[in-house]
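# Secondary and tertiary structure notes
This is what each chain is made of:
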Amino acid sequence: MSDLPKSEEILKDVEHAPPKKGWMNIPVDIRKGMYCYAANPKSLNALGFPNVHEWNPKDEDWNLPENWQEILHKGFKERLDRFRSVKVFMDICVRCGACADKCHYFIGTGDPKNMPVLRAELLRSVYRNDFTLAGKLLGKIAGARKMDEDVLKEWWYYLFQCSECRRCSVFCPYGIDTAEITIFGRELLNLLGLNIDWIATPVANCYRTGNHLGIQPHAFKDMLDFFVEDIEDITGINVEPQFNKKGADILFITPSGDVFADPGTYTCMGYMMLFKYLKDKYGLDVTWSTYASEGGNFGFFTSHETMKRLNSKMYAEAKRLGVKWILGGECGHMWRVINQYMDTMNGPADFLEEPVNPITGTRFENAKSTKMVHISEFTADLIKHGKLDLDPSRNDDLKVTFHDSCNPARGMGMFDEPRYVIRSVCNQFYDMPRNTIRENTFCCGSGSGLNAGEDMELRMTGGLPRANAVKFVHEKHGVNMLACVCAIDRAAFPDLMSYWVPEVDVTGLTELVANALILPGEKQRETNLRGEPLPGMEE
Amino acid sequence: MNEKYLFSLMSVVLLFLLAYAGVEVAGLQVLFGVIIPYMALIVFLAGFAYRVIQWAQTPVPYKIPTTGGQQKSLPWIQHAAIDCPDTKAQVVGRMAMEVLLFRSLFRNLVFKKEGDKLAYRMELFLWLGAIVFHYAFLVVTIRHLRFFAEPVPFFVTGLEKVDSFLQLGLPVVYMSGIALLAGVLYLAIRRIYVGHTRYISLASDFFPLFLILAIAVTGIMMRYFTKVDIPTVKELTMGLVTFRPAVPEGIGTLFFVHLFLVSVLLAYFPFSKLMHMGGVFFSPTRNMTCNTRAERHVNPWNYPVPVHTYEEYEDDFREHMIEAGLPVEKKE
Ligand code: SF4
Ligand code: SF4
């Protein structure tokens, strides 16, 4: 982050007034710090993507296949015939501008092409030229333009500056979802081999090893065993996670990021402690899987087909192991995929049972077809029925706020379950201003596969609205902990916070739960899961 | 930028002159009073139907509603029935809020940088402008039904009463006409003067505004200033609806201009963004239930894809798995 301007400067300098020149006359400038590196051909070949080639976004020549325009046109046409969303969204935008200032990338960068409506117009202009009468007859005056290499580069640059957060779609009078247009646009770019590496390589890893990070089964077990030792040091309890166990009650799937990097690791430890508690107290049998060891799905950021290919492992593994239903960990886009795509793509899951919490008897009616329950729904239900022994005072050093991750917010509507859980395990909770949470929530700035290292300026500017709201509650209430239910958040927020609000740390929900959770037979705890002294235990 | 609205403005002026000259100079009353309106109506109906059928025939592979409120989950958590509808009836509620009250525009929060704070404030002018414009347009359209039915339907006369309750002497002043003019002017001025809206606007965004402006102005002119002879106009319009078209003597040129501009609007409609009127009903982020985990949605073109099976995975890693004590299906 060293070559980034200082945060105060970014905030001071960002300009939102539109330029004098019309947007079609401003050529794209692919700027360092704002884009991600091109996909490694090896990763693309692993899944058999078309037109894989070496290229560099900075080069004049992208080594495109000779008939690339034809490929794009055909791809566009096919999708117009397959997705009503794409067709309707291409046709009905009235350019009212209601969405214009709703995008965190526009707010953070001031670049007019980051206004959702213009991001969509980048594609729509070509649509008009290729598929509408007015565009064919009137050309530019009808807002139409021909596809050429500059337009393609512009597409690429701005489609990878959209985190598919759907904030714009909340405010559009017709529900036009620029995320949907980005999903579609990236699918087209993938026809030409133009993915970014931060997406393509995790996808290839996930396909082969079951998770984005490419952790092989034995290493996955090793990593969890390492947490077992840590937990034993802190609580005196051996939590004994189970792997690939046939006949378990529940299969648990969470993003592999939590196995790998702080502070997600503490959330991962939290899951293990919760399952141990439930096993000892109520005999609940939960298994992890090394084959389906990834909740996240970077295929979602590639194409619908890739999403389906990666997602298929969840049901396949649940079926193989013969579990009753699936429990899903804390992740954002994973939950959009599960909530809105999985059953349609890879269902029906008729080999599973309608999910019932065996401890409380609660039927999760809202998951009765997909048969997958969110850990926040599950934990909230347990707490509501008084099934967890909790000591919230162990979190008394924390003043917590909660970030609604984009996908659970606008692709699922999960707002009150996590808040109920936090309020039950922490004594001090403060929401950020209403205009920046729940359905109005702002992206972390790194969603949809953009959390690479090389696009740090994009991430820090895109995360500005979120960070600014955190700063507000930090200054007002002394908030020092940002809780979230998303692994990308846990990977992205530490950077964002240290850039904008260094006094605030980041945690997953289940870490907070586990800190408060009193395991049967545990020793007097002196530290939290991070090894920091508990309140009242400081020397 | 101004080439965009100048182009649109000039087009409307030209259309105006075309009709004016056509009737005044060339005496083409039949063309502008009968043939073009019929053609425009045909284009409108066929075009509108074509577009809607096209949308309706395009499959909806995934259920992708934007959830704007709390999902229905645990029984003790308050569910947002309108913003995150769980049943078809609730979707009807959401769509009604959207179509009748412009719910999403009502959410508008404009962003402003205030020192080192970012603020997002409620801003309802666009919502208000849109509501005034659309409802005024609706009322004006319904009022015009008096020209196309004999006797005049009760709801038309009823509406006229309400519309004119602010009696300002004679002739009766209809608020809807004024509101339409105000609404369309506001939307046009906003498009020209609000920076971002101007920046994203196309000529095709200005054209319908100027066209509707011209329609409203010619209408108001006829009604209050040139005092067109309404019974004679009705003779013409009734002739059109009963398919016995005839052009009676003594109708001012302005009427033909008005009718021509309306015809242009009708014919232009299906090829333009004005189709948002039909499209809003087809938006999958609004018109679907959010019970996506409770009820399976079927994708009509779902096709099998190559996957990496567990067996292939175990073949890849079997030795390591056995060594680490992980269960395997096949021992070798
Ligand atoms: S809010 Fe919707 S209709 Fe308005 S400009 Fe944005 S996408 Fe277009
Ligand atoms: S989906 Fe989010 S990131 Fe993409 S354009 Fe809309 S607001 Fe911006």
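Residues numbered from 1 in each chain as written. Chains lettered and ligands numbered in written order. Predicted model: local features only at pLDDT ≥ 70, side-chain atom pairs only at ≥ 80, totals over all residues. Heavy atoms only, no water.

## Observations concerning the site of ligand 2
All names here are of chain A. Worth spelling out the cut-off: Near residues are defined by distance, with any heavy atom within 4 Å of the molecule or strand qualifying the residue. We count a stretch as a helix when DSSP gives it H or I for four or more residues in a row; a strand needs E for two or more, and each element gets its number in order from the N terminus. Think of it as three bins: nonpolar holds Ala, Val, Leu, Ile, Met, Phe, Trp, Tyr, Cys and Pro, charged holds Asp, Glu, Lys and Arg, and polar takes everything else, Gly as well.
Surrounding ligand 2, one finds 13 residues, the nearest of these being Cys103, Cys162, Cys165, Arg166 and Cys168. Of all the secondary-structure elements, those providing two or more residues to the shell around ligand 2 are α5 (104-109), α6 (116-131) and α10 (178-191). Tallied by class, the residues present in the shell around ligand 2 amount to 7 nonpolar, 3 polar and 3 charged.

## Section: the packing of helix α3 (residues 68-82) of chain A against α10(A)
Residue and element names in this part refer to chain A. Where we set the bar: Helix axes are fitted to C-alpha atoms over the stretch in contact, other axes to C-alpha atoms as well, and angles between N-to-C directions run from 0 to 180 degrees. Note: crossing handedness is left-handed where the near helix turns anticlockwise from the far helix by less than a right angle, and right-handed where it turns clockwise. Only heavy atoms enter the contact rule, under which two residues are in contact if any of them lie within 4.5 Å.
Close contact between α3 and α10 brings their axes to 9 Å; oriented N to C, the two are set at 140 degrees. Crossing of α3 against α10: the hand is right-handed. Between α3 and α10, the residues in contact are Ile71, Leu72, Gly75, Phe76 and Arg79 and Phe184, Glu187, Leu188 and Leu191, respectively. Split into classes, the residues belonging to the contact of α3 with α10 amount to 6 nonpolar, 1 polar and 2 charged.

## Describing a negative patch on the surface
Residue and element names in this part refer to chain A. Rules: The patches described consist of residues with a relative accessible area above 30% and no salt bridge, like charges being joined within 9 Å and nonpolar side chains (Val, Leu, Ile, Met, Phe, Trp, Tyr) within 5 Å. Only the protein chains shown count as cover for residues, and all accessible areas are computed by the Shrake-Rupley method using a 1.4 Å probe. By definition, a salt bridge exists where a carboxyl oxygen of Asp or Glu is found within 4 Å of a side-chain nitrogen of Lys or Arg. The positive count covers Lys and Arg only, the negative count covers Asp and Glu only, and His and the chain ends enter neither. Throughout, a charge is located at the NZ atom of Lys, the CZ atom of Arg, the CG atom of Asp or the CD atom of Glu. Accessibility here uses a 1.4 Å probe with only protein chains present; expressed as a share of the type maximum, an area under 20% marks a residue as buried, one over 50% as exposed, and anything in between as partly exposed.
A contiguous patch of negative charge on the surface is contributed by Asp59, Glu60, Asp61, Asp148, Glu149 and Asp150. Residue position: Asp150 is located in helix α8 (residues 149-159). The partly exposed category is assigned to Asp150, whose relative accessible area is 49%.

## Details of the packing of aromatic side chains
Quick reminder of the rule: Any Phe, Tyr or Trp ring, taking Trp's six-membered ring, that has another such ring centre within 6.5 Å forms a pair; planes under 30 degrees apart are called stacked, those over 60 apart edge-to-face, and the others tilted.
The tally for this structure, following the rule as stated, stands at 50 aromatic pairs over all chains. Between A:Tyr291 and B:Tyr310, the ring centres sit 5.4 Å apart and the planes meet at 90 degrees, which makes this aromatic pair edge-to-face. Of this pair, A:Tyr291 sits in the loop between β2 (286-288) and α15 (304-321) while B:Tyr310 sits in helix α13 (residues 310-323), placing the two residues on different chains. Considered together, A:Tyr291 and B:Tyr310 belong to a single accessibility category, that of buried residues.

## A look at the domain arrangement of chain B
The criterion, for reference: Each domain span listed reflects an automatic or database assignment of domains.
Domain boundaries in chain B define domain 1 (57-252 + 280-301) and domain 2 (304-332). In this structure, domain 1 of chain B and domain 2 of chain B have C-alpha centres spaced 59 Å apart.

## Quick look at the site of ligand 1
Looking at ligand 1, the residues that line it are A:Cys93, A:Val94, A:Arg95, A:Cys96, A:Gly97, A:Ala98, A:Cys99, A:Val117, A:Cys172, A:Pro173, A:Tyr174 and A:Ile176. Classifying every residue of the shell around ligand 1 by side-chain character gives 10 nonpolar, 1 polar and 1 charged.

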